[in-house]
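The chain contents come next:
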Amino acid sequence: VHNADQMNRVLVDLKETATRENAFSYLVSLWQKNTEPVFPPSLNKIDSAVRYFKIVSARNNLQTVYLKDNLSWVKTFNLPVICTYQLPGLPESGFLCIESVTGDNRIVFTPGAGGARYETTLDNLSAHTNDSLFFFWTDRLAFDRVISPGSSPEAVLSLKLILAEIGYPLTDMTPVYVQS
């Protein structure tokens, strides 16, 4: 997709398939190969995209964070992300899964599993988005969402190991949270 007019045509063509479910299903396939996502009954009754993605990500063993007003985070993190877009005259938002950023800074996106993949620039995409991004990742390091006195021993040890690897001086390698 080379310019704003082409981008607009692509997004109009995708409006039927660019749903939260399709984008999330594709994102799950990127993180968890050969896994079908779990969609709780009545999930579509939730209007808020933020609440929807928090619930569905937790049900699928993913972490999520919502960021707004800075599409450049896509290039910074280069992680799979769901981006919302709005077309003039249409009341609903569409949802795209941004798969990656190429070496020449092009954004690779799709409306979902089985859909066509497109490449464009961040500027072309920015012209149609409302800069709402949902980043997802798997917790491969056994971290709880926040390390605190109630965290699991595995989460505490995982964090201590990472801190030691990057040169932070640690006095003990016990699985006990120490507030300092």
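Up top is the structure.
Residues numbered from 1 in each chain as written. Predicted model: local features only at pLDDT ≥ 70, side-chain atom pairs only at ≥ 80, totals over all residues. Heavy atoms only, no water.

**Q** Before we go on, may I ask you to explain unusual backbone geometry in this structure?
**A** Excluding glycine, a negative phi dihedral is what most residues carry, and trans is how most peptide bonds are arranged. Phi is positive for N61, which is not a glycine, with a value near 55 degrees. Mapped onto the fold, N61 is located in the loop between α3 (49–59) and β1 (63–68). Using a relative accessible area of 63% as the deciding quantity, one classes N61 as exposed. Although it is not a glycine, N105 sits at a positive phi angle of roughly 65 degrees. (Helix = DSSP H or I, 4+ residues; strand = E, 2+ residues; numbered from the N terminus. Buried < 20%, exposed > 50% of the residue type's maximum accessible area, 1.4 Å probe, protein only.)

**Q** Got a minute to help me understand the environment of E36 in this structure?
**A** Note on placement: E36 falls in the loop between α2 (20–31) and α3. Classification of E36 as exposed rests on a relative accessible area of 69%. Distance from E36 to F95, taken between C-alpha atoms, is 19 Å for residues 59 residues apart in sequence.

**Q** Explain a nonpolar patch on the surface to me, please; I cannot follow it from the model alone.
**A** On the surface, L161, I166, Y168, L170 and M173 cluster together into a nonpolar patch covering about 500 Å² of accessible area. In this structure, I166 sits in the segment after α6 (153–165). (Patch = residues over 30% accessible without salt bridge, like charges linked within 9 Å, V, L, I, M, F, W, Y side chains within 5 Å. Areas by Shrake-Rupley, 256 points an atom, 1.4 Å probe, with all protein chains shown as cover. Salt bridge = Lys/Arg side-chain N within 4 Å of Asp/Glu carboxyl O.)

**Q** Just checking my understanding: could you explain the packing of aromatic side chains for this structure?
**A** Given two aromatic rings, one states the distance between the centres and the angle between the planes to describe the pair. In the structure shown here, the tally under the stated rule is nine aromatic pairs. Between F24 and F53, the aromatic rings sit 6.5 Å apart at their centres with planes inclined by 35 degrees, giving tilted as the arrangement. Of this pair, F24 sits in helix α2 while F53 sits in helix α3, and the two are 29 residues apart along the sequence. Across the pair, exposure class does not vary: F24 and F53 are buried alike. Measuring from ring centre to ring centre gives 5.9 Å for F53 and F95, while their planes differ by 70 degrees; the resulting arrangement is edge-to-face. With F53 in helix α3 and F95 in strand β3 (residues 94–101), this pair connects stretches of sequence that are 42 residues apart. Each member of the pair, F53 as well as F95, is classed as buried. Positioned above the aromatic ring of Y52, the side-chain terminus of R20 is 3.9 Å from the ring centre. (Phe/Tyr/Trp six-rings, centres within 6.5 Å; stacked < 30°, edge-to-face > 60°. Lys NZ or Arg CZ within 6 Å of the ring centre and 35° of its normal.)

**Q** Explanation requested: the side chain of S132 in the structure shown.
**A** Counting through the fold element by element, S132 comes out in strand β6 (residues 129–137). Among the polar contacts made by the side chain of S132, one reaches the side chain of Y66 at a distance of 3.3 Å. Apart from residues no more than four positions distant in its own chain, S132 is found in contact with Y66, L67, K68, I82, C83 and T84. (Polar contact = N/O pair within 3.5 Å; in protein donor to acceptor, adjacent residues only side chain to side chain. Contact = heavy atoms within 4.5 Å.)

**Q** Even after reading the chapter, I still don't get the pairing of strand β2 (residues 81–85), so can you show me in this structure?
**A** For a regular strand, side-chain orientation follows a simple rule: the groups alternate between the two sheet faces. Of all five residues making up β2, five are buried, and the element is well covered by its neighbours. Residues of β2 alternate between two faces, with V81, C83 and Y85 on one and I82 and T84 on the opposite face, all of them buried. Relative to β3, β2 is paired through five bridges, and the arrangement is antiparallel. In the sheet register, C83 faces β3, and the bridge partner there is L96. (Pairing = 2+ DSSP bridges.)

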